[in-house]
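# Coordinate inspection notes
Here is how the chains run, residue by residue.
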Amino acid sequence: MSTTTHQHHHPEKPRDPDTGRSPGDMVDPVCGMRVSPDAPESATYQGTLYRFCSKHCAEAFRKEPAKYVKPASPPAKTAAPRSSAGTIYTCPMHPQVRQSAPGNCPICGMALEPVTPTAAEGESPELRDMTRRFWVALVLSLPLLLLAMGEGIPGFDLAGAIEQLAARSGLPHLMSVTWTQYVEAVLATPVVLWAGWPFFERGWRSFVTWRLNMFSLIGLGVAAAYFFSVYAILFPASLPQAFRSAHGLPLYFEAAAIIVTLVLLGQVLELRARSRTSSAIKDLLSLAPNTAIRVKPDGTDEEVGLEVVAVGDILRVKPGAKIPVDGVVTAGRSSVDESMISGEPIPVEKVPGSKVTGGTVNQTGSFEMRAEKVGSETLLARIVQMVVDAGRTRAPIQKLADFVAGWFVLAVMVIAGVAFGAWALVGPPPAFANGLVVAISVLIIACPCALGLATPVSIIVGVGRGAKEGVLIKDAEALELMEKVDTLVIDKTGTLTEGKPQVQGVTAVAGFAQDQVLAYAASLEKASEHPLAQAIVSHAEAEHVALLEVRDFDSVTGKGVRGSIAGQSALLGNARLMEDSKVDLAQVASTVEGLQAQGETVMYLAVGGKLAGYLGVADPIKATSAEAIELLRKSGIRIVMLTGDNPVTAAAVGKRLGLDEVKAGVLPQDKYKHMQALQRDGRIVAMAGDGVNDAPALAQANVGIAMGTGTDIAMSSARVVLVKGDLRGIAKARLLSERTMRNIRQNLFFAFIYNFLGVPIAAGVLYPWLGLLLSPIIASAAMAASSVSVIGNALRLRTASV
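Definitions and limits used
- The numbers attached to residues start from 1 for each chain and follow its sequence in the written order.
- With the structure being a predicted model, the display of local features is reserved for residues of pLDDT at least 70 and the display and counting of side-chain atom pairs for 80 or more, all residues being used for whole-chain, interface and lining totals.
- Heavy atoms throughout the structure, all of them, feed into the side-chain values; hydrogens and water do not.
- Working definition: helices are DSSP H or I runs of at least four residues, strands are E runs of at least two. Numbering for both runs from the N terminus.
- Each residue is placed in one exposure class: buried if its accessible area under a 1.4 Å probe, protein chains only, is under 20% of its type's maximum, exposed if it is over 50%, and partly exposed if it falls in between.
- Each accessible area is a Shrake-Rupley result for a 1.4 Å probe, and residues are judged covered by the shown protein chains and nothing else.
- Like charges are joined within 9 Å and nonpolar side chains (Val, Leu, Ile, Met, Phe, Trp, Tyr) within 5 Å, but only among residues with over 30% relative accessible area and no salt bridge; these make up the patches.
- Salt bridges are defined as contacts in which a side-chain nitrogen from Lys or Arg sits within 4 Å of a carboxyl oxygen from Asp or Glu.
- Pairing between two strands is assigned when DSSP locates at least 2 bridges connecting them.
- The contact criterion used is simple: two residues touch if any of their non-hydrogen atoms lie within 4.5 Å.
- A fitted line through C-alpha atoms serves as each axis, taken over the contacting stretch for helices, and the angle formed by two N-to-C directions is quoted from 0 to 180°.
- Put simply, angles under 35 degrees are roughly parallel, angles over 145 are roughly antiparallel, angles from 65 to 115 are roughly perpendicular, and the rest are oblique.
- Ten residue types, Ala, Val, Leu, Ile, Met, Phe, Trp, Tyr, Cys and Pro, are classed as nonpolar, four, Asp, Glu, Lys and Arg, as charged, and the remainder, Gly among them, as polar.
- When charges are counted, Lys and Arg contribute as positive and Asp and Glu as negative, whereas His and the chain ends are disregarded.
- Each polar contact in these results corresponds to two N or O atoms within 3.5 Å; when the atoms are within protein, one needs to be able to donate a hydrogen and the other to accept it, and residues that are neighboring in sequence are counted only if both atoms are side-chain atoms.
- Two aromatic rings from Phe, Tyr or Trp, using only the six-membered ring of Trp, form a pair when their centres are within 6.5 Å; if the ring planes differ by under 30 degrees the pair is stacked, by over 60 it is edge-to-face, and anything between is tilted.
- Nonpolar cores were defined as sets of buried Ala, Val, Leu, Ile, Met, Phe, Trp, Tyr and Cys residues, with membership established by side-chain atoms within 4.5 Å.

## Some remarks on the overall build of the protein chain
- Secondary structure summary: the protein chain contains 28 helices and 29 strands in total.
- Taken over 802 residues, the protein chain has a buried fraction of 51%.
- Working note: accessible area of the protein chain is about 35800 Å², and carbon and sulfur atoms make up 58% of it.

## Concerning a nonpolar patch on the surface
- Taken together, the side chains of F756, L757, I761, W769, L770 and L772 make up a nonpolar region of the molecular surface, amounting to roughly 700 Å² of accessible area.
- Of all the secondary structure elements, the ones that give two or more residues to the nonpolar patch are α26 (728-763) and α27 (767-770).
- The biggest single contributor to the nonpolar patch is α26, with three residues.
- Mapped onto the elements of the fold, L770 is located in helix α27.

## Digging into the pairing of strand β18 (residues 487-490)
- Of the two faces of β18, the one carrying T487 and V489 and the one carrying L488 and I490 are both buried.
- When β18 meets strand β25 (residues 638-642), the two strands line up parallel, connected through four bridges. If you follow I490 over to β25, its bridge partner there is M641.
- Here four bridges tie β18 to strand β27 (residues 685-689), and the two strands are oriented parallel to one another. From the neighbouring strand, T487 faces β27, where its bridge partner is V685.

## Let's talk about the side chain of N747
- Looking at the secondary structure, you find N747 in helix α26.
- According to the relative accessible area criterion, N747 is buried, its value standing at 0%.
- With residues up to four places along the chain from it excluded, the contact list for N747 reads A454, S458, V790, N793 and A794.

## Brief notes about the sheet that holds strand β13 (residues 348-350)
- With respect to topology, three strands assemble into an open sheet ordered β13-β12-β15, the strand pairing being antiparallel. Each of the sheet's edge strands pairs with one partner strand only, and the pair in question is β13 and β15 (361-362).
- As paired strands, strand β12 (residues 334-337) and β15 are joined by two bridges and run antiparallel to one another. Its bridge partner lying in β15, D337 is registered against V361.

## A closer look at the environment of R132
- With respect to the element layout, R132 can be found in helix α3 (residues 125-149).
- Under the relative-accessibility criterion, R132 is labelled partly exposed at 46%.
- Distance in space between the C-alpha atoms of R132 and V268 is 9.7 Å, their sequence separation being 136 residues.

## Some remarks on the packing of helix α21 (residues 625-634) against α26
- For the pair α21 and α26, interaxial distance at closest approach is 7 Å and the crossing angle is 30°. The angle between α21 and α26 falls in the class roughly parallel. In this structure, α21 uses E627, A628, L631 and L632 to contact α26, whose residues at the interface are R728, I730 and A731.
- Of the residues that constitute the contact of α21 with α26, the class distribution is five nonpolar, no polar and two charged.

## Comments concerning the sheet that holds strand β10 (residues 314-317)
- Read from one edge to the other, the open sheet built from six strands follows the order β9-β8-β10-β16-β11-β14, with strand pairing classed as antiparallel. Pairing within the sheet leaves two strands with one partner each, and these edge strands are β9 (301-305) and β14 (355-356).
- As defined by bridge partners, β10 adjoins strand β16 (residues 367-373) across four bridges and the pair is classed as antiparallel. Each bridged residue has a counterpart across the sheet, and for V317 the counterpart in β16 is F367.

## Re the side chain of D326
- With respect to the helices, strands and loops of the structure, D326 is situated in strand β11 (residues 326-332).
- Although D326 is buried, it makes no salt bridge; K373 carries the closest opposite charge, 5.6 Å away.
- At 2.8 Å, the side chain of D326 forms a polar contact with the backbone nitrogen of G358.
- The residues touching D326, leaving out its near neighbours within four places in the chain, are V356, T357, G358, M369, R370, A371, E372, K373, E377, T378 and L379.

## Some details on the packing of aromatic side chains
- One pass over the full model with this rule turns up four aromatic pairs.
- Residues W197 and F200 carry aromatic rings whose centres are separated by 6.4 Å and whose planes lie at 55° to one another, so their mutual orientation is tilted. With a gap of three residues between them, W197 and F200 both fall in helix α6 (residues 197-209), about one helical turn apart.
- Judged by relative accessible area, which is 42%, W197 ranks as partly exposed.
- Given a relative accessible area of 17%, F200 falls into the buried group.
- Judged by centre distance (5.8 Å) and plane angle (70°), the rings of Y226 and F253 are edge-to-face. Linking Y226 in helix α7 (residues 214-234) with F253 in helix α8 (residues 253-277), this pair joins segments that are 27 residues apart in sequence. Like Y226, the residue F253 is buried in the burial classification.

## Looking at the nonpolar core
- Within the largest apolar cluster, 41 residues are counted, with the highest numbers of intra-cluster contacts made by L496, V703, I705 and I730.
- The element best represented in this core is α26, accounting for seven residues.
- Once residues lying within four places of it in the same chain are set aside, the contact partners of I730 are M482, L488, L632, A688, I705 and L722.
- L144, V192, A232 and I440 belong to the second-largest nonpolar core, a separate cluster that totals 40 residues.

## Focus on the pairing of β11
- Looking at chain direction, β11 and β16 are connected through six bridges and run antiparallel. If you follow G332 over to β16, its bridge partner there is F367.
- Of the strand pairs in this sheet, β11 and β14 are connected by two bridges, and their pairing is antiparallel. Residue pairing across strands places G327 opposite V356, the latter belonging to β14.

Now the structure itself:
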C-alpha cells in the first residue's frame, strides 16, 4: 500500500504503481498489461494514479481497489490484522502446524491458510487452483463417462461411433484393445496425472512421513484404478482370465477420472465453505479504515496508510469518517457512534481529553486526536486476534476425533486389502476385477476428511458468531466448558454495577434548600480526588449548580472534609464526623438507615453547627444485570457474589438481584482461594470480573470471564471477554457453547455413522443378498458429500440465535 499521498500536489508526476518510479510505461493493476502513461482510463487510489488498458479493468479496480494494489515497499509499522508481510500459515485441522509460507499440512495434506485473514482478502490461490483443475477434469470426464456407460442409453452409442470411424479410416486394432479404450486412456490421463496431481503429492508425503490421511486413501484408490487400466492396455495378453469380464478388458479409466473430478469438487466446495467460516473476522477487520489523515507540523493534512501511523501522531477525523486508531481528542468536539464497542445506539459526545476507539464512526463534528495505540495494540486489532487465536485452538472433544483418525486410515487400508483378497479368492468372476473394484471403493469412501473437520469448523464458526455478539471466546476449551458450568462467581463493582459512584438523591432539612445543600457539598469536595467526591461534583455540574468559594479547607482522614463558606463553618462527611462536631442526626436517622439498607453511602452536610441535609451516593446496578441474572438462574447456574465492599452494600445488591450467595470484604487472594474450594467440591466454575484484583481468580476459574470495559490484566487473565461489559453476554456464551457442542456432536455422528455404514457396503457385504457392489464413482461422490455436509451443518451456527 502506498504511503505517499501528494498526488494532488504533483499531478504532473504520477507514480508507476508497479515500480514506484515516475512516468514511463505503466502497469494495469487488474490484468498486469503494460499501458501508456496517457491511457484514457485512469483512477486515483490513496494518492497514487493508476491507468488501465480498458474500461472493464478500470471499473473492476474502482469497485475493489484494495484487491489489486500491492505495497510499494514493506510497511514500516503494520497492524497485525492487516499485515501481509510475515504472514503465518496454519492448517484448519491441525493448528499446531505453523509456517511462514503457503503449502500443505504435513499431517493431513490440507492446504494451509493464513492465521489471520485480511479484510481485502479475495479468493484463495488454493481455491483458484482447485477450481481450474476441477473444470478441466469435468470437461474431460463427461465424455469418458459417456463412453463407458453410453451403451445403456437407448439410441446412444458413442463407443460404437468411434469404432465405426476408426474402421472407415482403415485403422487396425492393436492387439485386443479397441480404439474406444485408447480414447478413454487419452481422456483419463490428464485428469488423473494433472488435475489429480496434488492428491498424489499429498498422498506420497503421507507415506514418506508415515502420517496417513485422507490423501493416502485417495491416492491409493485412484492410482490402483488408473495404473491397472494402463497396464491392461499396454499388456492385455498378460492379464489372467480371472481379471477379464464378458465385456473384454477390465478398464477403470472412467472410475479414476470421475473419482478425481468428484474429489476436486469436494475440495472446491470445502475451500469455499472454509472461507465463509472466517467472515466474522473479516467483518471485524472491515470496521477499520485503510487510511488516516495526519496533521503535519506546519498544520497541513496528508492522507497516509494506516500502517504508517505512529504513537503520538496528530490525526484529523472528519464527519462521517471512521476513527483510524485508539487515542484521545486534542481539539474540536463531536459525537461518535460507539455501538461497535458498547452496543448502545446513542452517539457519545467527545471533547478534548475524551478517549476514542479505532473503528468507531465520527458523526457530526470534525476533531483532532493524538494516536495512543496503533497497529496490533488497538482494541479492534486485539479483538480480532482473540477471535483468530480462539478459532485455532483445539477443544478437548477434538482428542477423540484425532485418536480415531490416527488409526482409522491404517485400519481402512487393512480392510481394503482383506476385501480384495476375499473377493479374489472366493468371489464370482471376474474375481480379481471385482476385488480391485471393492478395494478401491473402500479406500475412497472411507476418506476421514469429514471426521477431521467435524470439530474445528464448528469451533471457528461458533467463535466467529460469538464475536458478532460481543462475546470474545479466546480458546476452544472455554467454548466447550461453558455448557458444563454450574457455578458463576461474580464480582460486584464494574461487573454487576457500573463501577462509577453516582449521587442517588439530595435531601435538605428544614431551613435549607436542596440546591443549597448540593452547592455546599460540591464546593467542599471539588478539591478531593475521592470517587465519592467526584460523583458529587459531577452531579452538581449536571444540575448546573454554581460552586462557592471555600476557605480554610481541611480533610479529615476517614471521616470527611471541612471548611468555611460565606463566613459559616461547613462539614461534609460520615456520621463519625458529625458526632465529633456534636451535630444532631436523630431527625433523619430512620430515613438514612433505609438508604443504607439499599446499599447507598450517606454523607451528611452541616452548616453553622446544624444539620443542613444529606446526600445518598451509590454505585448503580447496571440496567442489564437483573435480566442477565434471571437468564443464568433459569439455566440452572448457582450465582455467588464475591466483593471487597462492605457487608451492608453487598447484601443490598445481592437481595435486589436475587443472588444465591453473597460474600463481602473479600480480598483478591480470598477470591482465588474461594475458587479453589468450589473446584475441590467438584464444581465447574466460571468467574466474571473486571479489575486487576480479579485477575488471579479469573485465571484459576475453569472459565474466566472479563468485562471489556475493565482492565487489560483482567482481559488477559480471562478466557472469555464481554466486549460491551454486558452480563447478558454470559448467558449468550453459555447458549453459544450448548449449540456449538451440539453441532460438533452432530458432525461427529455424521462422520462416524457414514464410515460405519459406508465401509462395509463398499467392501461388498450386501452382495450375497442384494447383488449390490458399490462403484468407486459412487463411493467418491459419497465421500465428497460427507465433507460438505459436515461443513454445511457447522455453517448453520452463523445464523443461530444467541
